[in-house]
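Residue-level structure breakdown
Here is how the chains run, residue by residue.
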Amino acid sequence: MSPHTYKLIELVGSSTNGTDEAIRNAIAKASLSVKHMDWFEVVETRGHIVDGKVAHYQVTLKIGFRIED
């Protein structure tokens, strides 16, 4: 196995339906311009409350992608 070098970017995904969808939204959008994404790490979860209910989810992610050789 050859050694790899990775770069990290930080993204914030959002959704009105939940944190899983917020993660998927961020990764899907990033995949349009970032190649070789290999992993992600959730570093923060937060949300917006309206009338005593969760109205919006935001998830901050670190995405690791391989730098091409």
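These notes cover the structure that comes with them.

Under the criterion given, the structure shown has two salt bridges. With its nearest N and O atoms 2.8 Å apart, the salt bridge here joins Asp-38 to Arg-66. In this pair, Asp-38 sits in strand E2 (residues 37–50) while Arg-66 sits in strand E3 (residues 53–66), placing the two residues 28 residues apart along the sequence. Measuring nitrogen to oxygen at the nearest pair gives 2.7 Å for the salt bridge that ties Arg-46 to Glu-44.

A few words now on helix H1 (residues 19–30). An α-helix turns once per 3.6 residues; consequently, residues spaced three or four apart project the same way. Counted at 1.5 Å a residue, the expected span for H1 with its 12 residues is 16 Å, and the 17 Å between its end C-alpha atoms agrees. Buried residues of H1: Ala-22, Ile-23, Ala-26 and Ala-30, and no others. Taken down its axis, H1 places every buried residue within 100° of arc, on the same side.

On to a nonpolar patch on the surface, then. The grouping of Tyr-6, Leu-8 and Trp-39 at the surface amounts to a nonpolar patch, some 290 Å² of accessible area in total. Of note, Leu-8 is situated in strand E1 (residues 6–15). Classification of Leu-8 by relative accessible area gives partly exposed; the value is 47%.

Bringing the nonpolar core into the picture now. If you look at the biggest cluster of nonpolar residues, it comprises six residues: Ala-22, Ile-23, Ala-26, Val-59, Leu-61 and Ile-63. Going through the elements one at a time, H1 and E3 are the ones with two or more residues in this core. Setting aside anything within four residues of it in sequence, one finds Ala-26 in contact with Leu-11, Val-12, Gly-13 and Leu-61.

Rules and cut-offs
Residues numbered from 1 in each chain as written. Predicted model: local features only at pLDDT ≥ 70, side-chain atom pairs only at ≥ 80, totals over all residues. Heavy atoms only, no water. Salt bridge = Lys/Arg side-chain N within 4 Å of Asp/Glu carboxyl O. Helix = DSSP H or I, 4+ residues; strand = E, 2+ residues; numbered from the N terminus. Expected span 1.5 Å × (residues − 1). Buried < 20%, exposed > 50% of the residue type's maximum accessible area, 1.4 Å probe, protein only. Arc of directions from axis to C-beta. Patch = residues over 30% accessible without salt bridge, like charges linked within 9 Å, V, L, I, M, F, W, Y side chains within 5 Å. Areas by Shrake-Rupley, 256 points an atom, 1.4 Å probe, with all protein chains shown as cover. Core = buried A, V, L, I, M, F, W, Y, C linked by side-chain atoms within 4.5 Å. Contact = heavy atoms within 4.5 Å.

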